[in-house]
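If you want the building blocks of each chain, they are given just below.
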Amino acid sequence: MTSGSSRRRSGRRSPSGWRCGCGVAGILCAASTGQGFGALTLVTTEFSDANGWAAPQYGPTIKVVYEPSLQGPEVCGRGGNDVICARPSW
């Protein structure tokens, strides 16, 4: 992760080989190469600081779900009034 982008939550590794974490700009993920991980990719900006997710009541609710049919992670979190989910933008 680039400087300043990993201050909220450590990454989580999925059974499918993805590793994701929250950053200032949103959710960043890297796919397993079998011998390590590829480059980080910003998969959604929905959960960015600019969208209010740095607030202590919202940031900790962010969860990354790995559904094989999505071919990548889906991210959900509890916002002000709703649970919000976003899928990768690739």
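Here the structure is a predicted model, which means the values were calculated and not measured. (Residues numbered from 1 in each chain as written. Predicted model: local features only at pLDDT ≥ 70, side-chain atom pairs only at ≥ 80, totals over all residues. Heavy atoms only, no water.)

So, the environment of V24
- Considering the arrangement of structural elements, one finds V24 in the loop between β2 (18-23) and β3 (26-31).
- By relative accessible area, which is 34% here, V24 ends up partly exposed.
- For the pair V24 and T45, spaced 21 residues apart in sequence, the C-alpha separation works out to 9.0 Å. (Helix = DSSP H or I, 4+ residues; strand = E, 2+ residues; numbered from the N terminus. Buried < 20%, exposed > 50% of the residue type's maximum accessible area, 1.4 Å probe, protein only.)

Examining the state of the cysteines
- By the definition in use, this model includes two disulfides.
- The disulfide that involves C20 links it to C29, with 2.0 Å between the sulfurs. The disulfide joining C20 to C29 has a torsion of about 110° about its S-S bond and is therefore right-handed. Comparing C20 with C29 shows no difference in burial state: the two are buried.
- Across the disulfide from C76 sits C85; the S-S distance is 2.0 Å. For the disulfide bridge between C76 and C85, the dihedral angle about the S-S bond is near 110°, and by the sign convention the bridge is right-handed.
- We classify C76 as buried; its relative accessible area is 17%.
- Regarding the disulfides, the protein chain carries the connectivity 1-2, 3-4 under sequence-order numbering of its bonded cysteines. (Disulfide = S-S within 2.5 Å.)

Description of the packing of aromatic side chains
- Taken as a whole, this structure holds two aromatic pairs when the rule is applied.
- Between F47 and W53, the ring centres sit 4.7 Å apart and the planes meet at 55°, which makes this aromatic pair tilted.
- Judged by its relative accessible area of 0%, F47 falls in the buried class.
- Ring plane angle 65° and centroid distance 6.1 Å describe the contact between W53 and Y58, whose orientation is recorded as edge-to-face. (Phe/Tyr/Trp six-rings, centres within 6.5 Å; stacked < 30°, edge-to-face > 60°.)

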